[in-house]
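Given next are the chains, with one letter for each unit.
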Amino acid sequence: MNPEPMHAETDVLVIGSGAAGMYAAIEAARSGCQVLLADRSLIGRGGATVMAQMTVAAALGSESPDHWSHHYDDTLAAGRGLCNEPLAQLLCEEGPDCIRAMDDWGVGWARKDARIAQAMAPGHDRPRCVYVDFLNTGPAVSKTLRTVVNRSGGIRKAGDLCIVDLLRDKTDVVGAAALHLGSGAPVIVSAKATILATGGLTRLYRRNSASANMGGDGYALALRAGASLVDMEFVQFFPIGHLAPRLIGMDPIMWDPFRYKLGGRLLNNRMEEFTQRYGVAEDGKYVITRDIGSYAILKEVEAGRGSPHGGVYLSFQHCPEQALREAFGPVIDRLAANGIDLTRTPIEVAPIAHYHMGGIVADAQMQTDLPGLFAAGEAVGGANGANRLSGNAITEALVFGRRAGRSAADYVRRVWKSPDHADNTHTAIALIAAKGPTRDFNTAAKLQTLQTTMQDNVGALRSQAKIIAAIESISLLARELGDTPPGDGDRFDMRRIEWFDLRNMLLVARVVAEAALARTETRGAQQREDYPQLSADWAFNQTAKLAGGRIELSGGARMFATVTS
Amino acid sequence: MTESATLRIWRGVDKGGGRWETYEVPFERGQSVLDGLRWIRANRDPTLAIRFSCINANACKECMLELDGTTVYACTARLQPREMTLAPLSNKKLLRDLVTEIAPPTERFTGA
């Protein structure tokens with residue numbers, strides 16, 4: 001049985017408790033607001049932040065003289081002409097301040113002598129990336145922010161709260177309806193301002209580096225509430241995700257820091273370096289950008305020169321054992337426990353869905369196009385254009401989170417007026433409490449079907465035929481999903497939770513596929529085999545809205561409309 | 001012949017009224033217990049409740065359960081080609097199957 005809805009009231013509702021959500025909560029509380037920090041998993045342990053192993057880009061000038069404008073130039077160059085410039089500027093200009101704030105809070109950035117160490121990373125013109133040893137950047141950032149959240153007055157924490165829909169009155173977002181996983185009960189949260197800090201959408205892909213709660217739910221919430229998304233076709237694939245041998249207890253993007261510190265060599269099955277074929281000779285240094293790296297690896301596999309599991313080799317065999325241990329200490333033992341000795345054998349790597357450049361349309365105050373709704377972190381679209389510069393994700397989480405918290409607090413103080421009755425509360429609660437017929441619908445299997453479809457057809461190498469096949473598969477899945485969640489509605493009903501996940505994932509997958517189909521060119525993370533060149537005609541961003549059940553794409557002088565099933 | 005792991009799993013929403021169910025899972029060297037549980041959900045029974053977030057990195061610390069009476073993380077415990085008994089944490093409030101209430105009291109939603 002579903003119990004009666006529970007209610008909560010707050011000034012600011014923050015949805016998602018990665019770095020962006022926690023920083024937003026801290027700032028809103030510091031500005032005097034009551035905050036409800038909600039997460040569908042544990043507070044401050046899910047999402048992407050905790051998974052980030054390295055690195056965080058900011059023009060601190062600690063390693064060598066730097067200025068935010070140089071970081072900005074590199075960000076725009078990586079973005080292949082599509083960055084939202086005010087957002088990119090905010091990221092670069094306020095990055096150093098947030099890095100210092102984190103330092104003051106005791107995050108423990110790695111130091112050389114007394115100064116904060118900054119590593120060189122691909123796409124940067126100088127050493128700019130701070131980190132926490134060993135492979136501990138994300139966990140350290142999460143832990144530090146959790147500690148600050150815990151000592152800030154005015155923040156209530158609500159884990160296991162899965163937001164199902166935003167609530168709206170005639171004009172404004174006025175809170176959210178949620179499923180409380182711990183009891184199965186519907187929840188109505190009335191909020192004067194709401195911040196979406198839900199991260200990206202990498203769970204749409206079979207091979208991904210994300211937490212299980214990164215299914216693009218914030219994008220779906222925003223769309224259904226009437227907000228716009230931008231750049232949804234640009235999904236970043238991290239070129240050297242771990243592929244084989246099976247490695248447990250380690251994040252699949254762990255080889256990035258190894259490459260930062262030690263270079264490493266990318267090899268095909270003839271044990272030859274190959275990136276020079278695709279325009280970038282590495283010579284033992286890590287210089288290849290993510291879009292070109294993914295392309296080079298997939299093309300090498302396609303040409304029959306891949307490794308046994310369908311990737312390429314990454315070798316550190318030329319590095320002395322002592323250098324490996326010096327750079328990665330205890331990590332070398334964790335690798336040994338997995339049977340991996342880097343001095344003897346190369347490992348296999350392949351592109352893996354890692355980050356979403358696209359997201360919710362927001363201005364430099366993190367205000368979306370709906371009053372009362374703000375966004376923060378990876379959930380925001382535009383700052384990174386068609387390809388994100390390495391190191392910008394955590395910086396963006398911190399900077400945008402801080403700004404969103406301040407803006408939401410400002411909105412609560414200066415703009416907010418008592419709302420009309422929320423229009424869609426009844427519908428949202430009815431859906432959460434609905435009892436579907438018991439059907440033979442395996443949510444876990446269907447989720448894998450969607451992930452395989454997206455990986456194979458709307459992944460790092462795309463074509464019209466592949467994308468159309470994906471859209472057909474997504475439509476079929478949406479019909480099978482139906483309108484009512486399955487299950488008994490009691491506590492922690494996995495099939496029911498997964499049904500709500502799929503409802504969001506299928507909508508977002510559809511938008512990614514439609515935007516990828518429309519963009520008939522290759523630019524950054526959008527690699528079209530049938531349109532292999534960058535086109536000057538496509539030097540604009542596409543936005544997407546949901547109108548009457550249809551996804552409407554627009555951009556430049558173009559306007560498209562497609563029918564959702 | 002391909003090897004398999006036999007997972008004997010506690011199911012139920014009430015500690016007093018549960019049952020044991022047994023699943024055969026294809027065994028591949030190097031896999032984790034969590035890999036086996038996710039295989040069961042996708043291929044045998046999607047109603048099996050488990051809790052995990054980061055899947056592989058041992059970062060989220062959500063997938064704690066009892067394996068043969070010992071508390072482990074399902075993502076770092078290796079799957080083995082033998083019978084393995086999986087139960088929810090005995091010192092935490094049961095939510096369902098292998099899922100328990102592991103959040104500290106101040107991080108739970110309480111309404112109002």
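Criteria and thresholds
- Residues numbered from 1 in each chain as written.
- Chains lettered and ligands numbered in written order.
- Predicted model: local features only at pLDDT ≥ 70, side-chain atom pairs only at ≥ 80, totals over all residues.
- Heavy atoms only, no water.
- Helix = DSSP H or I, 4+ residues; strand = E, 2+ residues; numbered from the N terminus.
- Rg over C-alpha atoms; globule rule 2.2 N^0.38 Å.
- Axes fitted to C-alpha atoms, helices over the stretch in contact; angles between N-to-C directions.
- Parallel < 35°, antiparallel > 145°, perpendicular 65-115°, else oblique.
- Contact = heavy atoms within 4.5 Å.
- Nonpolar A, V, L, I, M, F, W, Y, C, P; charged D, E, K, R; others polar.
- Buried < 20%, exposed > 50% of the residue type's maximum accessible area, 1.4 Å probe, protein only.
- Arc of directions from axis to C-beta.
- Salt bridge = Lys/Arg side-chain N within 4 Å of Asp/Glu carboxyl O.
- 1 Å grid on protein atoms, 1.4 Å probe; cavity = no way out; pocket = protein on both sides within 12 Å on 5 of 7 lines; lining within 4 Å.
- Points joined across faces, edges and corners; volume = space filled by probe spheres on them.
- Pairing = 2+ DSSP bridges.
- pLDDT = per-residue confidence, 0-100.
- Polar contact = N/O pair within 3.5 Å; in protein donor to acceptor, adjacent residues only side chain to side chain.
- Phe/Tyr/Trp six-rings, centres within 6.5 Å; stacked < 30°, edge-to-face > 60°.

(A) Looking closely at the overall build of chain B. Each helix and strand counted, chain B has one helix and seven strands in total. In chain B, the succession of helices and strands from N to C terminus is β-β-α-β-β-β-β-β. Computed over C-alpha atoms, the radius of gyration of chain B comes to 14 Å, within 12% of the 13 Å expected from 2.2 N^0.38 for 112 residues, which places it in the range of a compact globule. Dimensions of chain B, computed from C-alpha atoms along their principal axes, come out at roughly 55 × 35 × 25 Å.

(B) Molecular detail of the packing of helix 11 (residues 425-433) of chain A against helix 14 (residues 494-518) of chain A. Residue and element names in this part refer to chain A. Direction vectors running N to C along helix 11 and helix 14 enclose 135°, while the axes themselves pass 11 Å from each other. When the axis of helix 11 is compared with that of helix 14, the two are oblique. Each of L431, I432 and A433 in helix 11 lies in contact with helix 14, whose residues at this interface are R496, W499, F500 and R503. Of the residues in the contact of helix 11 with helix 14, the class split is five nonpolar, no polar and two charged.

(C) Layout of helix 11 of chain A. All names here are of chain A. Buried within helix 11 are the following residues: T425, A428, I429, L431 and I432. Viewed end-on, helix 11 has its buried residues packed into an arc of 160°, placing them on one side of the element. Structural note: helix 11 exposes H426 and T427 on the side pointing more than 90 degrees away from its buried face. Next to the buried residues of helix 11 lie strand 8 (161-168), strand 9 (173-180), strand 10 (186-196) and helix 14.

(D) Expanded view of the pattern of salt bridges. All names here are of chain A. Counted according to the given criterion, the structure contains 53 salt bridges over all chains. Among the salt bridges present, the one from R30 reaches E27, with a minimum N-O distance of 3.3 Å. Taken together, the residues R30 and E27, both in helix 1 (residues 19-30) and three residues apart, mark about one turn of the helix. Looking at R30, the relative accessible area reads 56%, which means it is exposed. Relative accessible area serves as the criterion here: at 3%, E27 is assigned to the buried category. The shortest N-O distance in the salt bridge between R403 and E94 comes to 2.6 Å. A residue pair is termed long-range when its members are at least 10 positions apart, and R403 in helix 10 (residues 392-414) and E94 in helix 3 (residues 85-104) qualify at 309 residues. Note on R403: relative accessible area 15%, which makes it buried.

(E) View of empty space enclosed by the protein. Under the criterion given, the structure shown has eight cavities of 30 Å³ or more. Of the pockets and cavities examined, the largest cavity occupies roughly 640 Å³. At the level of elements, helix 1, strand 8, helix 5 (217-225), helix 6 (255-262), strand 15 (347-356) and helix 10 of chain A are the ones that each hand at least two residues to the lining of the largest cavity. Examining the composition of the lining of the largest cavity, we find that five residues originate from one element, helix 10 of chain A, more than from any other. Of the voids in this model, the second largest cavity is the one considered here, and its volume is about 220 Å³. In this structure, the second largest cavity is lined by 17 residues; those nearest its centre are R40, M494 and I497 of chain A together with I50 and F52 of chain B.

(F) Spatial organisation of the sheet that holds strand 1 (residues 4-11) of chain B. Residue and element names in this part refer to chain B. The five strands are arranged 2-1-5-3-4 in an open sheet whose pairing can be described as mixed. The two strands at the open ends of the sheet, each matched to only one other strand, are strand 2 (19-26) and strand 4 (70-73). Strand after strand, the sheet turns through a mean of 35° between neighbouring axes, direction not considered. Relative to strand 5 (residues 83-87), strand 1 runs parallel, the two being bridged by four bridges. Paired with L7 across the bridge in strand 5 is M84. Sheet strands in contact with helix 1 (residues 33-43) are strand 1, strand 2, strand 3 (64-67) and strand 5, and its direction is about 100° off that of strand 2.

(G) The arrangement of helix 9 (residues 330-337) of chain A in detail. All names here are of chain A. Among the residues of helix 9, V331, I332 and L335 are the ones counted as buried. Angular distribution of buried residues about the axis of helix 9 spans 105°; they occupy a single face of the element. Buried-residue contacts for helix 9 involve helix 6 and helix 8 (321-328). One or two residues past the end of helix 9 sits G339, with phi positive at roughly 75°.

(H) Summary view of the confidence of the model for chain B. Looking at chain B, the pLDDT average stands at 93 and 98% of residues meet or exceed 70. Predicted as a complex, the structure gets a pTM of 0.95 and an ipTM equal to 0.96.

(I) Representation of the environment of Y286 of chain A within the structure. Residue and element names in this part refer to chain A. With respect to the helices, strands and loops of the structure, Y286 is situated in the loop between strand 13 (265-267) and helix 7 (290-302). Distance from Y286 to V12, taken between C-alpha atoms, is 43 Å for residues 274 residues apart in sequence. Dropping the residues within four chain positions of it, Y286 is found in contact with P122, F238, I240, D256, R259 and Y260. In terms of polar contacts, Y286 uses its side chain to reach the side chain of D256, at 2.5 Å.

(J) Examining the sheet that holds strand 12 (residues 235-244) of chain A more closely. Residues and elements named next belong to chain A. Taken in spatial order, the four strands make up an open sheet running 12-15-14-13, and their pairing is antiparallel. What marks the edges here is a single partner per strand, and that holds for strand 12 and strand 13. Between one strand and the next, the sheet's axes are offset by a mean angle of 45°, whatever the strand orientation. Examined bridge by bridge, strand 12 and strand 15 share seven bridges and lie antiparallel to one another. Paired with H242 across the two strands is V349, which belongs to strand 15. The strands touched by helix 6 within the sheet are strand 12, strand 13, strand 14 (312-315) and strand 15, with strand 12 carrying the most contacts at an inclination of about 90°.

(K) Quick look at the environment of M22 of chain A. Residue and element names in this part refer to chain A. Positionally, M22 belongs in helix 1. Through-space distance from the C-alpha of M22 to that of D456 is 35 Å; in sequence the pair is 434 residues apart. Beyond its immediate chain neighbours, meaning those up to four positions away, M22 contacts S17, L37, G44, S142, L145, R146 and V149.

(L) How the structure looks around the layout of surface pockets. The space that makes up the largest pocket amounts to roughly 1500 Å³. Lining the largest pocket are 47 residues, with R206 and R246 of chain A together with D35, R38 and I55 of chain B positioned closest to its centre. Within the residue set of the lining of the largest pocket, elements represented by two or more residues are strand 12, helix 12 (443-457) and helix 14 of chain A together with helix 1 of chain B. Of all the elements, helix 1 of chain B adds the most residues to the lining of the largest pocket, at six residues.

(M) Geometry of the packing of aromatic side chains. Residues and elements named next belong to chain A. Tallying each qualifying case throughout the model produces eleven aromatic pairs over all chains. Look at Y23 and W105: their rings are 5.5 Å apart centre to centre, the planes differ by 55°, and that puts the pair in the tilted class. Here W105 lies in the loop between helix 3 and strand 4 (111-112) and Y23 lies in helix 1, a separation of 82 residues in the sequence. The pair Y23 / W105 is uniform in exposure class, with both members buried.

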